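# Structural overview for review
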Amino acid sequence: MQPANLFFLILALIFTAYVLGYFRSKALARPLGGVRHLKSLPGYYAVRAALWCGIPALIILVLWASFENQIIQMLVLGTLAPEIVPASPGEASLLMSQINNIASGALSSGSVDASLVNAAELLTNLRQNSNTYMTMLVLSIAVLAGFVGWYRIQPKLNAREQVEIILRWFFFSCAAVAIMTTVGIVFSVFFETVRFFGMVSFTDFFFGTSWSPQVALRADQVGSGGAFGMIPLFTGTLLISAIALLVAVPVGLFSAIYLSEYANKHVRSVVKPLLELLAGVPTVVYGFFAALTVAPFIANFAQTLGMNASSQSALAAGLVMGIMIIPFVSSLSDDVINAVPQSLRDGSLALGSTQSETMKKVIFPAALPGIMGGILLAASRAIGETMIVVMAAGLAANLTANPLQSVTTVTVQIVTLLIGDQEFDSPKTLAAFALGAMLFIVTLLLNVIALKIVRKYREQYD
Amino acid sequence: MNMNDTLISEPLEPQEMSTPVNRPVEDAGAQSAKVEEGKTVGKPFADDPKFKLRNVEVFYGQERAIKNVSLDIGRNEVIAFIGPSGCGKSTFLRCLNRMNDSIDICRVKGQLMLDDEDIYHSKKDVVELRARVGMVFQKPNPFPKSIYDNVAYGPRIHGLANRKSELDDIVEDSLRKAGLWNEAKDRLHSIATGMSGGQQQRLCIARAIAVSPEVVLMDEPCSALDPIATAKVEELISELSESYTIIIVTHSMQQAARVSSRTAYFHLGHLVEVNETSKVFTSPEHELTESYITGRFG
Ligand SMILES: Nc1ncnc2c1ncn2[C@@H]1O[C@H](COP(=O)(O)OP(=O)(O)O)[C@@H](O)[C@H]1O
Ligand SMILES: [Mg+2]
């Protein structure tokens, strides 16, 4: 049986165990004079029976599905004659694919060693049987454990406590999966970064002003060493993020002020979701908007002013990115402005200040920390943005502060480094990890600061 | 005589302007007594009043919260508004500096004159009105700024001081009048929200009088304070009454008795009775007033 089908079958068994457990506990309760003479409610006994039925079976299913191939490979390779047993894992996987091909008929069995043909037969055999074994094992465990769980239902049994414990572990393991994944990513990035710095010196990377990460195919090629100075990339990132923030901060903030202080309920209920929709537009759509509409417009406009603009420019990418992050600023600012107590507004108005004076002198200062938090979050979003920049700002690593020129960013270079054929130990590939680590540290810092500020702000009024 | 003896209990009515309270149903004791709309017993009128209010009606949407109320408020008097929760005291008070403007559904009708100027005239400058009619709220609401900046807020927006030293003088003077100078003079530049509730409320009073208003409206200024802080604020009100017209809403009849010279009793949006405070609490003319002050309902 396919693992997916088996999974649904187990679900059905779990449900059955639940129902049976429920009725058994009810039946046990009846002679005692009602449910309240049980240690736990019938629902808990039922859940306990269901968990007994489901958990061991599902664990076995998952383990089997994940290790099936390795075990089969081990068994198959174990039958081979000692002189052709592979020495390294690489050879082993080569040999396995050969055996696989024989088994599937892609490689005619006449042309190869007889022991390999035998191994191929064994492989086919194991594959078919493994499925049957798995189905039988898993189903019998489910039924058996479910039966035990059902049978052991007794009025004195504290099912509630057991269910609570199991659920706690279940939730913990879900959280652990998320945390372990993050930790894993961080570790792999940092290990590769360390390897990168084994090949390229710190000073070259942090203070180099030229970025051209080609690696020579022949030793005598020009520029064979490649150049890994990250400064042009970080200035490019900074330039584009700064332009984006110049757009997003005033527009976002002022629209938040309009929405929270001036707009009536009706306008607000329409405009706010519309603004937040901006964050939901896929970045690739912004990307082609920037590349096909905004960038040419800027180039033409600059030309009529007598300036020289390239067809891909930091300005185009920055402007469009700014529009994209408006909701980050406006939504958070709107929240914190709304959180400023009405009593402060009343106090200010009652002293004879106008609405805009109240905004400027009381509400804005009170909300400022929260607004700063929103801006930092928007900034970390801008720094991490890739698609718009690839499409609208180009790939040339120019070290420039002129927004009309084409620049590139850290994220874009990570993408280009990893596109195409890779050699996993060339500095070119590893440079992506080093850039990724830098980016990770910067955005992490921004996020930590932003969260700190926002939290501090929250405490002020709670 | 000691007026407190005549007061049996004081109703506790936690209330918020923003959350509409259900109107209390007239209870059995009050059923026999009916209010006639626009008829106020006692002495609602005065010669040469500060506020001359005629046939005032306030609507929240369709609901009429103030029903045909006419009242004069004299110069430099302290008048207390009392009455059961939801009877419209705050609503009426907030008409006097047009704080009701910020509630969309609120409409005010009738004639409201401050020194013979129509408060609700379409050309009336609300900023100027509120500079003349200050307000202190139920919950102390100092701005999250320094003590100094709180008091200097009003003078700054109205341009009352030309120099820093003038502003300093205004701040000191206001804090002195509010009886807060001794406690605050060494910490003028620390944040105001760090003070105790009673100090905060006196700061709010200092903030209100820093713009030299002619009238101070107080909406239950002591209901969030402990008895000692309350006593201090009451003392302050008595001192201020020499130079300001004070209109105070209170749910404590002892407080009304202690600080006010006149008392107005509101009931379900009607102004039932207005008279000298001693008169209202010893020999009320209206049956409803009597039921209220003897604690039969609240
Ligand atoms: N913002 C508002 N919106 C709608 N109705 C209100 C509002 N504020 C007060 N009301 C209504 O007006 C009436 C008087 O309220 P209020 O003036 O607060 O009474 P009091 O201050 O005497 O307790 C109440 O019935 C209340 O429900
Ligand atoms: Mg009130």
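Because the structure is predicted, anything quoted here is derived from the model rather than measured.

## Observations regarding the overall build of chain A
The secondary structure content of chain A amounts to 15 helices and two strands. Its C-alpha radius of gyration of 32 Å places chain A more than 25% over the 23 Å reference for a compact globule of 462 residues. With respect to the three principal axes, the spread of C-alpha positions in chain A is 85 × 80 × 35 Å. Out of the 462 residues in chain A, the part that is buried amounts to 39%.

## Observations concerning the overall build of chain B
Tallying secondary structure elements over chain B gives eleven helices and eleven strands in all. Taken across its 298 residues, chain B has 56% of its residues classed as buried. In chain B, the proportion of contacts linking residues at least 24 apart, taken out of those at least 6 apart, comes to 71%. Within the structure as shown, chain B displays about 12,600 Å² of accessible surface, and the carbon and sulfur contribution to it stands at 48%.

## Comments concerning the state of the cysteines
Residue and element names in this part refer to chain B. Counted by the stated rule, this structure contains zero disulfides over all chains. In this model Cys 95 remains outside any disulfide bridge; the closest cysteine sulfur is found in Cys 106, 6.3 Å from its own. A relative accessible area of 0% places Cys 95 in the buried class.

## Observations regarding the environment of B:Leu53
Residues and elements named next belong to chain B. With respect to the element layout, Leu 53 can be found in strand S2 (residues 51-60). We classify Leu 53 as buried; its relative accessible area is 0%. Between the C-alpha atoms of Leu 53 and Ile 170, which are 117 residues apart in sequence, the distance is 32 Å. Excluding its chain neighbours within four sequence positions, the residues that come into contact with Leu 53 are Val 69, Ser 70, Leu 71, Asp 72, Ile 73, Phe 92, Leu 96, Gln 111, Leu 112 and Met 113.

## Observations regarding the interface of chain B and chain A
On the chain A side, the residues contacting the 18 residues of chain B number 19 residues. When chain B packs against chain A, the two sides together hide about 1,600 Å² of surface, and 65% of this comes from carbon and sulfur. When the area that chain B buries against chain A is broken down by residue, the three leading residues are B:Pro144, B:Tyr153 and B:Ile157, summing to 31%. On inspection of chain B and its partner chain A, the count reaches zero salt bridges. Scanning the region where chain B abuts chain A turns up five residue pairs in polar contact (both at pLDDT 80 or more). Along the lines of polarity and charge, the residues of the side of chain B that touches chain A split into eleven nonpolar, three polar and four charged.

## Structural notes on the side chain of B:Gln200
All names here are of chain B. Among the secondary structure elements, Gln 200 is positioned in helix H7 (residues 197-209). Residue Gln 200 is classed as buried on the basis of its relative accessible area of 12%. Here Gln 200 is in contact with Pro 140, Pro 142, Ala 192, Thr 193 and Met 195, once residues within four sequence places are set aside.

## Considering the sheet that holds strand S7 (residues 133-136) of chain B
Paired through backbone hydrogen bonds, the strands of a sheet run either parallel or antiparallel to each other. Residues and elements named next belong to chain B. The strand order across the open sheet built from seven strands is S1-S11-S10-S4-S9-S8-S7, with neighbouring strands paired in mixed fashion. Looking at which strands have only one partner, the edges of the open sheet turn out to be strand S1 (41-42) and S7. Pairing of strand S4 (residues 78-82) with strand S10 (residues 262-267), which is carried by four bridges, proceeds in the parallel orientation. Looking across to S10, one finds that Ile 82 is bridged to Tyr 265. On the sheet, H7 packs against S7 and strand S8 (215-219) and is oriented at approximately 170 degrees with respect to S7.

## Considerations on the domain arrangement of chain A
Each assigned domain of chain A is listed with its residue range as follows: domain 1 (3-157) and domain 2 (227-461). Between the C-alpha centres of domain 1 of chain A and domain 2 of chain A the distance comes to 50 Å.

## Considering a nonpolar patch on the surface
All names here are of chain A. A surface patch of nonpolar side chains, amounting to about 590 Å² of accessible area, comprises Ile 55, Ile 59, Leu 63, Phe 67, Ile 71, Leu 75 and Ile 166. No other element matches the six residues that helix H2 (residues 42-78) contributes to the nonpolar patch. By the element assignment, Ile 71 lies in helix H2.

## Some remarks on the packing of aromatic side chains
Applying the stated criterion across every chain, the model contains 23 aromatic pairs over all chains. Relative to A:Phe191, the ring of A:Phe187 has its centre 6.0 Å away and its plane inclined at 40 degrees; by these criteria the two rings are tilted. Pair noted here: A:Phe187 and A:Phe191 are both in helix H5 (residues 159-199), with a separation of four residues, about one helical turn. Judged by its relative accessible area of 53%, A:Phe191 is exposed. Taken together, the aromatic side chains of A:Phe196, A:Phe197, A:Phe202, A:Phe205, A:Phe206, A:Trp211 and A:Phe228 make up a single cluster linked through ring pairs. A:Arg24 extends its terminal NZ or CZ atom over the ring of A:Trp150, reaching a point 4.8 Å from the ring centre. Of note, B:Arg107 hangs over the ring of B:Phe59, and the distance from its end group to the ring centre comes to 5.0 Å.

## What about the nonpolar core?
The biggest cluster of nonpolar side chains holds 51 residues, and the ones touching the most others in it are A:Ile240, A:Met321, A:Ile325 and A:Ile388. Of all the secondary structure elements, the ones that give two or more residues to this core are helix H7 (231-262), helix H9 (283-304), helix H10 (314-339), helix H12 (355-384) and helix H13 (387-392) of chain A together with helix H4 (147-157) of chain B. If one sorts the elements of this core by residue count, H10(A) sits on top with eleven residues. Non-local contacts of A:Ile240, meaning those with residues more than four positions away in its chain, are made with A:Ala314, A:Ala317, A:Gly318, A:Met321, A:Val389, A:Ala393, A:Val407 and A:Thr409.

## Details of the sheet that holds strand S5 (residues 106-114) of chain B
Residues and elements named next belong to chain B. With antiparallel pairing, four strands are arranged side by side in an open sheet as S3-S2-S5-S6. Sheet topology places strand S3 (63-73) and strand S6 (117-118) at the edges, where each strand pairs with a single neighbour. Relative to S3, S2 is paired through seven bridges, and the arrangement is antiparallel. Residue Tyr 60 lies in a different strand from S3, and its bridge partner there is Glu 63.

## A few points about the pairing of S4(B)
Residue and element names in this part refer to chain B. Counting buried positions along S4 gives five out of five residues, so the element sits mostly inside the fold. Residues Val 78, Ala 80 and Ile 82 line one face of S4 and the alternating positions Ile 79 and Phe 81 line the opposite face, and both faces are buried. Note: S4 against strand S9 (residues 245-249), four bridges, orientation parallel. Along S9, the bridge assignment pairs Ala 80 with Ile 248.

## Description of the pairing of S10(B)
Residues and elements named next belong to chain B. Burial analysis of S10 places six of its six residues in the buried class, the great majority of the element. With burial as the criterion, each face of S10 is covered, one bearing Arg 262, Ala 264 and Phe 266 and the other bearing Thr 263, Tyr 265 and His 267. In this structure, the hairpin formed by S10 and strand S11 (residues 270-276) is closed by a connection of two residues, where Leu 268 is found at a positive phi of approximately 50 degrees.

## Considerations on the confidence of the model for chain B
Detailed reading of the predicted coordinates is not advisable wherever pLDDT falls low. Residue and element names in this part refer to chain B. Of all residues in chain B, 88% have pLDDT values of 70 or greater, and the mean over the chain is 87. Low pLDDT, under 50, characterises residues 1-31; the predicted model gives this stretch 60 contacts beyond four residues in sequence or across chains. As a predicted assembly, this complex carries a pTM of 0.72 together with an ipTM value of 0.85.

## A closer look at the pattern of salt bridges
Residue and element names in this part refer to chain B. On inspection of all chains with the given rule, the structure shows 31 salt bridges over all chains. Between Lys 50 and Asp 115 there is a salt bridge, and its shortest N-O distance comes to 2.9 Å. Of this pair, Lys 50 sits in the loop between S1 and S2 while Asp 115 sits in the loop between S5 and S6, and the two are 65 residues apart along the sequence. Relative accessible area serves as the criterion here: at 23%, Asp 115 is assigned to the partly exposed category. Between Lys 50 and Glu 214 there is a salt bridge, and its shortest N-O distance comes to 2.7 Å.

Rules used in this analysis
Think of each chain on its own: its residues are numbered from 1, step by step along the sequence as written. The naming scheme follows written order: chains are lettered A onward, ligands numbered 1 onward. Local features in this predicted model are restricted to residues whose pLDDT is 70 or higher, and side-chain atom pairs enter the listing and the counts only when it is 80 or higher, whereas totals over whole chains, interfaces and linings include all residues. Excluded from the side-chain calculations are hydrogens and water; all other atoms, namely the structure's heavy atoms, are used. Under the DSSP-based scheme used, a helix requires at least four consecutive residues in state H or I and a strand at least two consecutive residues in state E, with every element numbered from the N terminus. We compute the radius of gyration from the C-alpha atoms alone; for a globule the expected value is 2.2 Å times N to the 0.38, where N is the number of residues. Buried means the residue's accessible area, taken with a 1.4 Å probe over protein chains only, is under 20% of the maximum for its type, while exposed means over 50%, and partly exposed covers the values in between. Throughout, a residue-residue contact means that at least one pair of heavy atoms, one from each residue, lies within 4.5 Å. To be clear on the numbers: accessible area is Shrake-Rupley with a 1.4 Å probe, and residue cover counts the displayed protein chains and nothing else. Note that a disulfide, as used here, is simply two cysteine sulfur atoms within 2.5 Å. Buried area, as used here, totals the accessible surface that two parts lose on assembly, with accessibility defined by a 1.4 Å probe and the loss added over both. Take a side-chain nitrogen of Lys or Arg and a carboxyl oxygen of Asp or Glu: if they are within 4 Å of each other, that pair is a salt bridge. Distance and chemistry together define a polar contact, namely a pair of N or O atoms within 3.5 Å, with one atom able to donate a hydrogen and the other to accept it when in protein, and with adjacent residues in sequence counting only for side-chain atoms on both sides. Any residue that is not Ala, Val, Leu, Ile, Met, Phe, Trp, Tyr, Cys, Pro, Asp, Glu, Lys or Arg is counted as polar, Gly included; the first ten are nonpolar and the last four charged. When DSSP finds at least two bridges between two strands, those strands are taken to pair. Angular values range over 0 to 180 degrees, each being the angle between N-to-C directions of two axes fitted as lines to C-alpha atoms, with helices fitted over their stretch in contact. These domain limits were set by an automatic method or by a database of domain assignments. Without a salt bridge and with relative accessible area above 30%, a residue can belong to a patch; like charges are then joined within 9 Å and nonpolar side chains (Val, Leu, Ile, Met, Phe, Trp, Tyr) within 5 Å. A pair of aromatic rings is counted whenever rings of Phe, Tyr or Trp (Trp by its six-membered ring) have centres within 6.5 Å, and the orientation is called stacked for planes under 30 degrees apart, edge-to-face for over 60 and tilted otherwise. Geometrically, a charge over a ring is one whose NZ (Lys) or CZ (Arg) sits within 6 Å of the ring centre while staying within 35 degrees of the ring normal. The definition of a nonpolar core used throughout is a set of buried Ala, Val, Leu, Ile, Met, Phe, Trp, Tyr and Cys residues joined through side-chain atoms within 4.5 Å. A score from 0 to 100, pLDDT tells how confident the predictor is in each residue.

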